[in-house]
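Tertiary structure, described
Chain by chain, the residues run as shown.
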Amino acid sequence: MNIALVTGASRGIGRAIALTLAGNGYHILINYQSNTAAAEDTLAAICAAGGSGELLPFDVSDTQACEQAITGWQNAHPDLYIDVLVNNAGIRRDELLFWMKPDQFESVLRTNLFSFYNVTRHVLTPMVSHKHGRIISIASLSGLTGLPGQCNYAAAKGGLIAATKALAKEVGKRRVTVNAVAPGFILTEMVDGMNEAELKKTIPLNRFGTAEEVAAVVAFLASEGAAYITGECISVNGGLYT
Ligand code: NDP
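What counts, and at which threshold
- Residues numbered from 1 in each chain as written.
- Predicted model: local features only at pLDDT ≥ 70, side-chain atom pairs only at ≥ 80, totals over all residues.
- Heavy atoms only, no water.
- Helix = DSSP H or I, 4+ residues; strand = E, 2+ residues; numbered from the N terminus.
- Rg over C-alpha atoms; globule rule 2.2 N^0.38 Å.
- Buried < 20%, exposed > 50% of the residue type's maximum accessible area, 1.4 Å probe, protein only.
- Contact = heavy atoms within 4.5 Å.
- Areas by Shrake-Rupley, 256 points an atom, 1.4 Å probe, with all protein chains shown as cover.
- Lys, Arg positive; Asp, Glu negative; His and termini not counted.
- Charge placed at Lys NZ, Arg CZ, Asp CG, Glu CD.
- Near = heavy atom within 4 Å.
- Polar contact = N/O pair within 3.5 Å; in protein donor to acceptor, adjacent residues only side chain to side chain.
- 1 Å grid on protein atoms, 1.4 Å probe; cavity = no way out; pocket = protein on both sides within 12 Å on 5 of 7 lines; lining within 4 Å.
- Sits in = over half its atoms within 2 Å of the grid points.
- Nonpolar A, V, L, I, M, F, W, Y, C, P; charged D, E, K, R; others polar.

A separate point is the overall build of the protein chain. If you tally the helices and strands in the protein chain, you get eight helices and seven strands. The C-alpha atoms of the protein chain give 17 Å as radius of gyration, which agrees with the globular expectation for 242 residues (18 Å, within 12%). Counting across all 242 residues of the protein chain, residues that qualify as buried make up 48%. Expressed as a percentage of contacts within the protein chain between residues at least 6 apart in sequence, the contacts between residues at least 24 apart total 71%. Surface exposure of the protein chain reaches about 11,400 Å², of which carbon and sulfur atoms provide 54%. Of the side-chain charges in the protein chain, 18 are positive and 21 negative, and the distance between the mean point of each set is 8 Å.

Laid out in structure tokens, this is it:
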């Protein structure tokens, strides 16, 4: 059985990734923080489509919670290993730097960047020993260009892209690939409150993207067809930054 752990799979982009990978035959470990009802909806949708999965809640910003949940799952399933990890869980707390409170900076760094360290470390050893693994992290256009009001989020996502490139060089010889996907504006709860009508005028394709359009790129990076791609960051942004 092939296993994919998708963080933040209860809603939005993570949910679409979970459904797409389940459709490709993966058993999905559905991570989320607190929204159990939404995570159960994701699981129900996977099962209704003929796939399989299970809930694995933990806070990706909490180093100990990540270790307990992931090593706990691994110890309970000694014959299996997680061969695809999608680091997707993320938050934004936008504010101009002048007004930004320490907690706004720290919580965004912890959830979007420290999570890479917290989660990835625990899936690496089995991937390396099986000489097969895929680590895919959801970055952002903001991590490539910087966006005003997002010094915290841009720093976290830029750091995630840099960490992706560094880890790709550490584990490439063991046939573990490490890549990032950088979405632009994608229709999820995260963009609630943004002025879509105005913002879409700045996008060459003249619309926000869908979670399924991000999931399709993640599924490709998880596939055997992407075996020779590592250390990359692929943009899915309607032409905003190419
Ligand atoms: P949503 O706000 O729709 O969903 C966020 C998901 O992350 C939820 O499943 C939530 O779980 C989970 N989550 C949040 N914090 C934690 C945590 N500490 N531990 C575990 N899970 C957590 O976000 P999107 O789907 O829009 O975003 C997904 C990723 O894509 C993020 O990394 C985001 O930064 C990135 N992105 C999104 C863009 C967009 O336009 N939407 C653009 C560029 C990047 P729960 O339901 O329990 O709260």
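Taken together, 33 residues surround the ligand, and among them S10, S34, N88, Y153 and T188 come closest. D59 places a side-chain nitrogen or oxygen 2.8 Å from a nitrogen atom of the ligand. Y153 is positioned such that a nitrogen or oxygen atom in its side chain is 2.5 Å from an oxygen atom of the ligand. Computed on the free molecule, the ligand has an accessible area of 900 Å², of which 94% lies beneath the protein chains in the complex. Judged by its atoms lying within 2 Å of the grid points, the ligand is housed in the largest pocket. Among the elements of the structure, α1 (12–23), α4 (102–130) and α6 (151–171) are those that each provide at least two residues to the shell around the ligand. Residue classes in the shell around the ligand are distributed as 15 nonpolar, 14 polar and four charged.

In this structure, G8 sits in the loop between β1 (3–6) and α1. Of the residues examined, G8 reaches a relative accessible area of 16% and is grouped as buried. Sequence-wise, G8 and G172 are 164 residues apart; in three dimensions their C-alpha atoms are separated by 26 Å. Those residues in contact with G8 that lie beyond four places of it in its chain are G14, R15, N31, Y32, N88 and A89.

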